[in-house]
Amino acid sequence: MKRICILASLLVLCAVGTTVKAQKFALIDMEYILKNIPAYEMTNEQLSQLSAKWQGEVDALQQEAQNMYKSFQSDLVFLSAEMKNKREEEIFKKEQEAMDLKRKYFGAEGELYKKRESLMKPIQDEIYEAVKQIADEKGYQVIVDRASAMSVIYASPKIDISNEVLLKLGYAK
């Protein structure tokens, strides 16, 4: 009987010794943080202006191609077969030029993407460093972005550290 009690005690001690500590986690709302950083708002405004300027250039080329096509349609009865082909090629080239310009500015690896990347990366890096410092200071193992985590249905405001991140970045809230 004594052996069974000692064995049971050892099993209980082993089980208690190997239990895992509860992990600490927190949430941030990246959209909220970014909206409260003036540099982000200025960057967005700059990108919007640049985008509008480039879109204007693309629209002008597309309009030029459209005008060329309308002119071609109205002159069609007066043109020889050779002149028709030449004008069709000119219209095609203008449309292609517009598509190439659009791709250059707005494509997956376009100028707007590169500009956004170069302007936003320093802001994002600064936020990441602040989050990392808070995680190290407070012992968080996981910090989830509520804005991008589609599976977070509800989270207690008590674990949201967005204002701490803003404070760490020097933006008091």
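Residues numbered from 1 in each chain as written. Predicted model: local features only at pLDDT ≥ 70, side-chain atom pairs only at ≥ 80, totals over all residues. Heavy atoms only, no water.

Peer 1: Before we go on, may I ask you to explain helix α5 (residues 111–138) in this structure?
Peer 2: Given 3.6 residues per helical turn, the α-helix brings residues three or four places apart onto the same face. Between the first and last C-alpha of α5 there are 40 Å, a value that for 28 residues agrees with the 40 Å anticipated at 1.5 Å per step. Remark: the principal bend of α5, roughly 35 degrees, maps to Met120, with a proline, Pro122, within the next four residues. Of the residues making up α5, those classed as buried are Leu112, Met120, Ile123, Ile127, Ala130, Val131, Ile134 and Ala135. (Helix = DSSP H or I, 4+ residues; strand = E, 2+ residues; numbered from the N terminus. Expected span 1.5 Å × (residues − 1). Bend = angle between axes of the 7 residues up to and from the residue. Buried < 20%, exposed > 50% of the residue type's maximum accessible area, 1.4 Å probe, protein only.)

Peer 1: I keep staring at the environment of Leu61 and nothing clicks. Help me out?
Peer 2: Here Leu61 is to be found in helix α3 (residues 38–75). Exposure remark for Leu61: the relative accessible area of 11% places this residue in the buried category. Considered as a pair, Leu61 and Met99 are 38 residues apart in the sequence and their alpha carbons are 9.0 Å apart. Apart from residues no more than four positions distant in its own chain, Leu61 is found in contact with Lys94, Glu97, Ala98 and Leu101. (Contact = heavy atoms within 4.5 Å.)

Peer 1: Just to check I follow, could you spell out the nonpolar core for this structure?
Peer 2: Taken as a class, soluble globular proteins show a tendency for nonpolar side chains to be buried jointly. Counting 27 residues, the largest nonpolar core has Ile33, Ile37, Ile127, Ile161 and Val165 as its most contacted members. Secondary structure elements with two or more residues in this core: β1 (25–28), α2 (30–35), α3, α4 (81–106), α5 and α6 (162–169). Sort the elements by how many residues they give to this core and α5 lands first, with eight residues. Setting aside its immediate chain neighbours within four residues, Ile127 contacts Met30, Ile33, Leu34, Ile37, Val165 and Leu169. (Core = buried A, V, L, I, M, F, W, Y, C linked by side-chain atoms within 4.5 Å.)

Peer 1: What is the right way to look at the packing of α3 against α4 in this model?
Peer 2: The description of two packed helices rests on the angle between their axes and on the distance between the axes. Two elements in contact, α3 and α4, have axes whose closest approach is 9 Å; the angle formed by their N-to-C orientations is 165 degrees. Taken together, α3 and α4 sit at an angle that is classed as roughly antiparallel. Our pair here, α3 against α4, has a crossing hand that is left-handed. Class assignment of the residues belonging to the contact of α3 with α4 gives a composition of twelve nonpolar, four polar and eleven charged. (Axes fitted to C-alpha atoms, helices over the stretch in contact; angles between N-to-C directions. Parallel < 35°, antiparallel > 145°, perpendicular 65-115°, else oblique. Left-handed = near helix turned anticlockwise from the far one by under 90°. Nonpolar A, V, L, I, M, F, W, Y, C, P; charged D, E, K, R; others polar.)

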